[in-house]
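Fold and geometry: a report
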Amino acid sequence: MNFLAKFLSFLPRRFALRIGISLGTLAYYLFKRRRLLALSNFNQALGKNYSLEQQKKIIKKVFINLSLNFIEFFRFQEITAENLSQFVTFHGKEHLQKAYNENKGVLVLTAHMGNWELLAAAVSLAGFKSGMIVKAAHQKFFDNFLTQQRQAKDLHLLSGKNSIKEILGALKSGRVVGVVIDQHGIGRDSTVVPFFGRPASTLKGLAVLSERTQAPVVPIYIYRDENFHHHIVIDPPVQHQSSDPDSRTLQYTQWLESVIRQHPDQWMWTHNRWKSSH
């Protein structure tokens, strides 16, 4: 892993990203099952707005986006607090700053949009003490590399059986903690809400945490433009309409849906998000 990181970092950035585009295009054709799943998901969610040819182009961009994420993650060492603006532009940073200054901790509502690993790293490099909820990778050597890259950006990693306790501790110490809500949820920790008009089992941990801690929930997402520059969009804190976790989860999901509609090629359509509707 470290050798690959050094090799990719040695290459000129544009050249390395061009390799990423080629790998993503190849993956689109090679991984037929994921391609068909992504096309099916997209067609059922947004198909009426796009021709079949447009849908295929968007899903190909999804594969390319994931490949570019891979390349960029291996080149993370080139991004520092000093040169962050060369890679990332913040929009609405004042919303996060204001919530952060309340010193209650900040819960970030986010998803697998754009380069979500860079989103976490950039928020930390921008001067916000940050925590990141992580799952261990299946391969130990890869998990070690992930941990190394994340910790190099001063991210406090929250994982394991005591993750809830760690999250509460991180919020108490004033950290920013990102929570993704776009993966299929299982069991009592989930609720079924409509997502693009289809029932989707959704994790409600963010809703529960927001009610329990009263920490502000700030919606943030990242997207990559055609020049490989990243934009981090920070919306004002969520004004909750209810204390009910199911209602809050629906509110968060509606925000996510609106973001995906704006940048459909940046979301991970390859995930089997609607298992509960099959």
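Look up a bit, the structure's there.
This text gives an overview of the structure that appears in the document.

Their axes nearest at 8 Å, the elements helix H1 (residues 2-10) and helix H4 (residues 52-74) cross at an angle of 100°. Classed by the angle they form, the pair H1 and H4 counts as roughly perpendicular. Contacts between H1 and H4 pair Leu-4, Ala-5, Leu-8 and Ser-9 from the former with Phe-70, Ile-71 and Phe-74 from the latter. Its residues placed into classes, the contact of H1 with H4 shows six nonpolar, one polar and no charged.

Residues Val-88 and Phe-90 line the buried face of strand S1 (residues 88-91), whereas the alternating positions Thr-89 and His-91 sit on a face that is not buried. Bridge count for S1 against strand S9 (residues 230-234) is four bridges, and the pairing is parallel. For Phe-90, the partnering residue across the bridge sits in S9 and is Ile-232.

Let us now look at the packing of aromatic side chains. Using the criterion set out here, one finds 18 aromatic pairs in the structure. The interplanar angle of 80° and the centroid separation of 6.4 Å between the aromatic rings of Trp-267 and Trp-274 together place this pair among those described as edge-to-face. Members of the aromatic cluster, joined through ring pairs, are Phe-42, Tyr-50, Phe-195, Phe-196, Trp-267, Trp-269 and Trp-274. Positioned above the aromatic ring of Tyr-28, the side-chain terminus of Arg-35 is 5.5 Å from the ring centre. In this structure, Lys-93 packs its charged tip against the face of Phe-90, placed 5.1 Å from the ring centre.

Let us now look at a nonpolar patch on the surface. On the surface, Leu-23, Leu-26, Leu-30 and Phe-31 cluster together to form a nonpolar patch covering roughly 410 Å² of accessible area. With respect to the secondary-structure elements, Phe-31 resides in the loop between helix H2 (13-30) and helix H3 (32-46).

Regarding helix H10 (residues 205-213), the residues found buried are Leu-206, Ala-207, Leu-209 and Ser-210. Here the buried residues of H10 occupy an arc of 165° about the axis, which is enough to place them on one side. Contacts made by the buried residues of H10 are with strand S2 (106-110), helix H9 (163-172), strand S5 (176-180), strand S8 (217-224) and helix H11 (245-262). Gln-214 occupies a position one or two residues after H10 and carries a positive phi of about 60°.

Rules used throughout
- Residues numbered from 1 in each chain as written.
- Predicted model: local features only at pLDDT ≥ 70, side-chain atom pairs only at ≥ 80, totals over all residues.
- Heavy atoms only, no water.
- Axes fitted to C-alpha atoms, helices over the stretch in contact; angles between N-to-C directions.
- Helix = DSSP H or I, 4+ residues; strand = E, 2+ residues; numbered from the N terminus.
- Parallel < 35°, antiparallel > 145°, perpendicular 65-115°, else oblique.
- Contact = heavy atoms within 4.5 Å.
- Nonpolar A, V, L, I, M, F, W, Y, C, P; charged D, E, K, R; others polar.
- Buried < 20%, exposed > 50% of the residue type's maximum accessible area, 1.4 Å probe, protein only.
- Pairing = 2+ DSSP bridges.
- Phe/Tyr/Trp six-rings, centres within 6.5 Å; stacked < 30°, edge-to-face > 60°.
- Lys NZ or Arg CZ within 6 Å of the ring centre and 35° of its normal.
- Patch = residues over 30% accessible without salt bridge, like charges linked within 9 Å, V, L, I, M, F, W, Y side chains within 5 Å.
- Areas by Shrake-Rupley, 256 points an atom, 1.4 Å probe, with all protein chains shown as cover.
- Salt bridge = Lys/Arg side-chain N within 4 Å of Asp/Glu carboxyl O.
- Arc of directions from axis to C-beta.

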